Structure formats: C-alpha cells, structure tokens
Amino acid sequence: MLVTHAFHIGRLQCAPGTELGPRTTVPYEFVRILKGNVRWEASRPGRPAEAHDLGPGAFILSHPGTVERYRWDKDSVTQHDFVHFYLGDLPHHYPPTHEWISTQHISLRNILNHQFENILSLNRSGHPQAKRMVRQAVEQMLDAWVHDLHSFAEQPSENFPPPVKRALDLVRTRWEDKVYRPPSIDELVEESRVSRSAFLDAFKRSCGASPGAFFEHQRVHLARLQLLETNRTIDEVASLLGYPNPFQLSRNFKHVFQLSPRHYREAEPMDRPPPRFETDGFAFQAVFEMLSMAHVI
C-alpha cells in the first residue's frame, strides 16, 4: 500500500488563543478545520515559506520536515480533526511531493470530508480490520488531493455536452422541488433539444450508462444517504424518493449495495460491501455531488 502506517487520529478542541509550535513534523498529517479560525505558518525544504488564514472547511496537508506553527482563534474555541501517516514509494503517476499543494477549502459533500468521517469512525470501532481500512481511506484522500479528484464537487454541469447538460439540469430542478423519480426518456429527449439517438449517444459517452440506469443509480445512492443520515423508516424513504413501494427500493438497493436497506443500515461501516458501480465513476460522482447540493430535505 502507498500509505504504510496511519496513526494518531482524533478530534481536538482548543481554547481561545492557543498556539502550537513551531515544531518540525516527522510524518505526513491531514488536518481538517471544523470550528473557529487558525493562522497556519509553514516552511519546508524546496518551497517558499507560506502563511494561511483558514476557517471551517479548510484542509491542511503537512509534509515531513515542515517547520510549522498553528495560531488558533483568539476569540473563540476552535476544533479540528487530524490523522498522521507515513508513505512508501510513490506510484509513477503521482506528481513529485514538492508540487503538492498545502491547503484547500473543501465543500461539505466531498470525498475528502466523507473519508475523514470514515477514518474517525473506523478508529473508534476497535475492529481488527480497522487499521487496514484506515490506511485505505487515507490513501484515497491523498489520491484525491494530489490528482485534484475532489474538485468535481465544484464542477458545474457545463462540463457536459449541451444536450446532456440540459437533461442534468432538468433532474437537478426536480430534486430541488423534491421530485426524485427519474424523468422518462421522452422527457429527457425533449429537454435535450436533439434527436433521441443523438441524445442517447451523447449521454452514454458522457456518463457511461443509459439515462434510466444512471439516474436510478443516483436515486439509490440518495436512499443510502437517507438511511445513514436520518431516522426515516425504509417505507418513508421509499415514499420520499418516489418508489411505488418499499420492495422496489429494496430490490434496487440490494443490486447496488449487496445488502438490503435494513441490513445496510444496521451493519458496521467496515462490514458494508462496496457498491457495484455500473457507470463511469467520475461522471457519476460529479453528477451526484451536483444533485446532492440540490437535495434539501
């Protein structure tokens, strides 16, 4: 594995005016700012010194050999998450470490935030496989960080061909109106303003699947969020998302997540099988992030 060891994981609350450092880091460290503001000052070999004023939503990636100082908010309590880790040899497709950026502001519904939550949950679990899965989660965070894979959350649908963009915008508008049942092919073709064959070809090239399969996949993933983030019953989730009955939701959910909705909700995070992705992963995640921003329930 790229991440050979991940350790010293947790959440820390600091009193107003707290300072840390200057200190020289030994491992790599991801830091996520949750509350309050911080001034982070850092210098490392091969790069000019830097100083950043950061607030909630900011991430920091600190490298070994960095001389850094944290100056936490003078007027309020601050809170941040952290994970330390070591790396083995970098894959050939990775840029050199001196090119990696040090700070970013990350949207809430984003792979980096999701993985940080996974890491904290796994670390608390005590499961014998937790350490391995923490390393995998940190590796995915790092992969997204250095390859800018998380920025899809900020990409608008304008990156898709105009017929596909118009179809995606129709679905987003419906999600904003709390209508989650996918539009029919005829509705999507009409919205796309091109012929049926031209639209279907463009959609398949852009999204890796037919519109019906693609948008149903989106709806099932929204059901997953409802199961994990709310106390709604399975019947209520099915009704909310426009399924004619809970049995259809359960069937489609199990096809993607390999567990029934009830068993998925009850399972520990490390016991949930990975989803079966039948569509292009990047396009699917890009659209799901866009639609999730419209999902307010």
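Please read these numbers as outputs of a predicted model, since none were measured by experiment.

Calculation rules
Residues numbered from 1 in each chain as written. Predicted model: local features only at pLDDT ≥ 70, side-chain atom pairs only at ≥ 80, totals over all residues. Heavy atoms only, no water. Phe/Tyr/Trp six-rings, centres within 6.5 Å; stacked < 30°, edge-to-face > 60°. Buried < 20%, exposed > 50% of the residue type's maximum accessible area, 1.4 Å probe, protein only. Lys NZ or Arg CZ within 6 Å of the ring centre and 35° of its normal. Helix = DSSP H or I, 4+ residues; strand = E, 2+ residues; numbered from the N terminus. Contact = heavy atoms within 4.5 Å. Salt bridge = Lys/Arg side-chain N within 4 Å of Asp/Glu carboxyl O. Pairing = 2+ DSSP bridges. Axes fitted to C-alpha atoms, helices over the stretch in contact; angles between N-to-C directions.

A.B. asks: Help me understand the packing of aromatic side chains in this model?
C.D. replies: Two numbers describe a pair of aromatic rings. These are the distance of the centres and the angle of the planes. Going through the model one piece at a time under the given rule, you end up with 19 aromatic pairs. Summarising the aromatic geometry, the rings of Tyr 70 and Trp 72 are spaced 5.4 Å apart at their centres and angled 5° between planes, so their arrangement reads as stacked. Since its relative accessible area comes to 5%, Trp 72 is described here as buried. Both rings, one in Trp 175 and one in Tyr 180, keep their centres 5.5 Å apart while their planes meet at 70°; by these two values the pair is edge-to-face. For Trp 175, a relative accessible area of 3% translates into the label buried. Using a relative accessible area of 3% as the deciding quantity, one classes Tyr 180 as buried. Through successive ring pairs, a cluster of aromatic residues spans Tyr 28, Phe 30, Phe 85, Tyr 94, Trp 100 and Trp 145. Directly above the aromatic system of Tyr 243 lies the positively charged group of Arg 219, at a separation of 3.7 Å from the ring centroid.

A.B. asks: Before we go on, may I ask you to explain the side chain of Gln 79 in this structure?
C.D. replies: One can find Gln 79 in strand E8 (residues 78–87). Not counting residues up to four positions away in its chain, the partners in contact with Gln 79 are Arg 11, Leu 12, Gln 13, Arg 32, Ile 33, Leu 34 and Lys 35.

A.B. asks: Honestly, the pattern of salt bridges in this entry has me stumped. Any pointers?
C.D. replies: Pairs can form between side chains of opposite charge whenever their charged atoms are close. According to the stated counting rule, one finds 19 salt bridges in the structure shown. Put simply, Arg 47 and Glu 50 hold a salt bridge, and the shortest N to O gap is 3.8 Å. Note on Arg 47: relative accessible area 24%, which makes it partly exposed. Taking relative accessible area as the criterion, Glu 50 reaches 17% and is therefore assigned buried.

A.B. asks: How should the sheet that holds strand E5 (residues 50–54) be read in this particular structure?
C.D. replies: Strands pair in a sheet through their backbones, by hydrogen bonds, and they do so in one of two ways: parallel or antiparallel. The strand order across the open sheet formed by four strands is E2-E7-E4-E5, and the pairing between neighbours is antiparallel. Edge positions in the sheet fall to strand E2 (19–24) and E5, since each of these pairs with one other strand and no more. Pairwise comparison of adjacent strand axes, ignoring direction, gives a mean angle of 10° for this sheet. Of the pairings in the sheet, the one linking E2 to strand E7 (residues 67–72) comprises four bridges and is antiparallel in character. Pairing of Arg 23 across the sheet is with Glu 68, part of E7.

A.B. asks: So what exactly am I meant to see when it comes to the sheet that holds E8 here?
C.D. replies: The strand order across the open sheet built from five strands is E1-E8-E3-E6-E9, with neighbouring strands paired in antiparallel fashion. Two strands in the sheet have a free side with no partner beyond their single neighbour: strand E1 (3–14) and strand E9 (103–105). Adjacent strand axes in the sheet meet at a mean angle of 15°, parallel and antiparallel pairs treated alike. Across the face of the sheet, helix H2 (residues 130–146) comes into contact with E1, strand E3 (28–35), strand E6 (58–62), E8 and E9 while running at roughly 85° to E1.

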